[in-house]
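Okay, here's what each chain looks like letter by letter:
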Amino acid sequence: DVKVTQSSRYLVKRTGEKVFLECVQDMDHENMFWYRQDPGLGLRLIYFSYDVKMKEKGDIPEGYSVSREKKERFSLILESASTNQTSMYLCASRFLGGELFFGEGSRLTVL
Amino acid sequence: AQKVTQAQTEISVVEKEDVTLDCVYETRDTTYYLFWYKQPPSGELVFLIRRNSFDEQNEISGRYSWNFQKSTSSFNFTITASQVVDSAVYFCALSEAITHFNKFYFGSGTKLNVKP
C-alpha cells in the first residue's frame, strides 16, 4: 500500500512558537505538497516541491517555509505560529501527472 | 475564476437512494486530468478516480460511476444504492498538463449525508 505519513495528528502550540510538521512518503514520488484546509475555504496550496531542494510557493505561502533535503521527506515550518494558522494541514505526494496521495492530516491549534 | 465548481454544497439522501454529485471544470489546456476524492469524517482524503482528457469513456466501479462529458466540461459522480458509509465530503479536482502542471485545482466539495 502506498503511504504518506504525517508526523503528528494533533498539535497544540502557543503563539510565537516554531512549529515543524513533517511528512514522509514511501512511493519515490518526485512531487510533494502542503495544503491547509479550513471550513468554507476548501484546500489551499501552501508550498510544493518538485524535486529535492526545489520548492515553489503556492497560493498562501506567507508565514510558512518548507524544507526538502531528501526525496521522501517534506517539512512545513511555521517560524512564529499565530492563531490564524490554526488549521488542518495536509501533505500529499505524486508522480508527475499522477494523482495526489494524501496523509491523514495534522490538526494544529495555536493558542 | 473558479477552475472547478461543485455547486452542491450539501446533499442529504436516505440509504439505498442513488445520488449524483456534480462537477464542472474550466481549462484551456487540451491535455488535463480530472479526479475525485472522498474525505470521510476521519479527515484523510482518499483518491477515487483519475481521468485524462483523451478518455471520455464512462467508468463504473461497483456502486460508483463517473460520467465525463467534454462538451459540457463536466465530470459527474454517481453513487448507486447509497450506504451510510458513503457519508463524506467529496472533492472534484483538475490538474493541467501544460499550464501550471504542478497545480491541482480543487472544488469546494460536496458534503453527502446518507441517512439510515
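Once a new chain begins, its residue numbering starts again from 1 and follows that chain's sequence as written. The order in which chains are written sets their letters, starting at A; the order in which ligands are written sets their numbers, starting at 1. For this predicted model, a pLDDT threshold of at least 70 governs which residues receive local features, and a threshold of 80 or more governs which side-chain atom pairs are given and counted, while totals over whole chains, interfaces and linings are taken from all residues. Water and hydrogen atoms were dropped before computing side-chain values, which therefore reflect all heavy atoms in the structure.

(A) The arrangement of the state of the cysteines in detail. Put simply, a disulfide is two cysteine sulfurs that come within 2.5 Å. Inspection of the entire model under this criterion finds two disulfides over all chains. Between the sulfur of A:Cys23 and that of A:Cys91 lies a disulfide, 1.9 Å long from S to S. Here the disulfide of A:Cys23 and A:Cys91 is left-handed, its torsion about the S-S bond being about -80 degrees. With A:Cys23 in strand β3 (residues 19-25) and A:Cys91 in strand β9 (residues 87-94), the pair connects residues that are 68 residues apart, well separated along the chain. Taking relative accessible area as the criterion, A:Cys23 reaches 0% and is therefore assigned buried. A simple rule labels every residue: compare its accessible area, found with a 1.4 Å probe on the protein chains alone, to the largest value its type can have, and call it buried under 20%, exposed over 50%, or partly exposed in between. Among the residues examined, A:Cys91 registers a relative accessible area of 0% and is labelled buried. Between the sulfur atoms of B:Cys23 and its disulfide partner B:Cys92 the distance amounts to 1.9 Å. Residues B:Cys23 and B:Cys92 are joined by a disulfide whose S-S torsion is about -65 degrees; by sign, that bridge is left-handed. Here B:Cys92 lies in strand β10 (residues 88-96) and B:Cys23 lies in the loop between β3 (19-21) and β4 (24-25), a separation of 69 residues in the sequence. Strands are runs of DSSP state E lasting at least two residues, helices are runs of H or I lasting at least four, and both sets are numbered from the N terminus onward.

(B) Here's a closer look at the pairing of strand β6 (residues 46-52) of chain B. Residue and element names in this part refer to chain B. Here, strands pair whenever DSSP counts at least two bridges between them. In this sheet, β6 lies alongside strand β5 (residues 32-39) in antiparallel orientation, the contact comprising six bridges. By the bridge assignment, Trp36 is partnered in β6 with Ile49. The hairpin turn running from β5 into β6, its antiparallel successor, is six residues long, and Gly43 in that turn takes a positive phi close to 105 degrees.

(C) Spatial organisation of the interface of chain A and chain B. Contacts between residues were defined by any pair of non-hydrogen atoms, one from each residue, lying within 4.5 Å. Every contact between the two is made by 20 residues of chain A and, on the other side, 17 residues of chain B. Once two parts are put together, the accessible area they lose, assessed with a 1.4 Å probe and summed over both, is termed the buried area. Counting the surface lost from both chain A and chain B, the interface buries some 1600 Å², and carbon and sulfur atoms represent 58% of this. Of all residues in chain A, the largest losses of buried area upon contact with chain B belong to A:Leu43, A:Glu99 and A:Phe102, amounting jointly to 27% of the total for that side. We define a salt bridge as a contact between a side-chain nitrogen of Lys or Arg and a carboxyl oxygen of Asp or Glu at a distance within 4 Å. Our enumeration of links across chain A and chain B arrives at zero salt bridges. Counting of polar contacts relies on pairs of N or O atoms within 3.5 Å, with two restrictions inside protein: one atom must be capable of donating a hydrogen and the other of accepting it, and residues adjacent in sequence are counted only when both atoms are side-chain atoms. Connecting chain A to chain B are three residue pairs in polar contact (both at pLDDT 80 or more). Only β4 (31-38), β5 (42-51) and β9 of chain A provide two or more residues apiece to the side of chain A that touches chain B.

(D) The sheet that holds β3(A), seen in detail. Residues and elements named next belong to chain A. The strand order β1-β3-β8-β7 describes an open sheet built from four strands, whose pairing is antiparallel. The open sheet is flanked by β1 (4-6) and β7 (65-70), the only strands paired with a single partner. Neighbour to neighbour, the strand axes of the sheet diverge by 20 degrees on average, direction disregarded. Direction of pairing for β1 relative to β3: antiparallel, over a ladder of three bridges. When the bridges of β3 are listed, Val4 appears paired with Gln25. Axes here refer to lines fitted to C-alpha atoms; in helices the fit is confined to the stretch in contact. Angles between the N-to-C directions go from 0 to 180 degrees.

(E) Spotlight on the packing of aromatic side chains. All names here are of chain B. In summary, the pairing rule links any two rings of Phe, Tyr or Trp, Trp by its six-membered ring, whose centres are within 6.5 Å, and it sorts them by plane angle into stacked for under 30 degrees, edge-to-face for over 60 and tilted for everything else. For the structure shown, the criterion picks out 22 aromatic pairs over all chains. Between Tyr37 and Phe106, the aromatic rings sit 6.0 Å apart at their centres with planes inclined by 55 degrees, giving tilted as the arrangement. On the criterion of sequence distance, the pair formed by Tyr37 in strand β5 and Phe106 in strand β11 (residues 104-106) is long-range, its members being 69 residues apart. Residue Tyr37 is classed as buried on the basis of its relative accessible area, which comes to 0%. For Phe106, a relative accessible area of 12% gives the class buried. Geometrically, the ring pair formed by Phe77 and Tyr90 is edge-to-face, given 5.5 Å between the ring centres and 65 degrees between the ring planes.

Keep in mind these numbers describe shape, not what the thing actually does.
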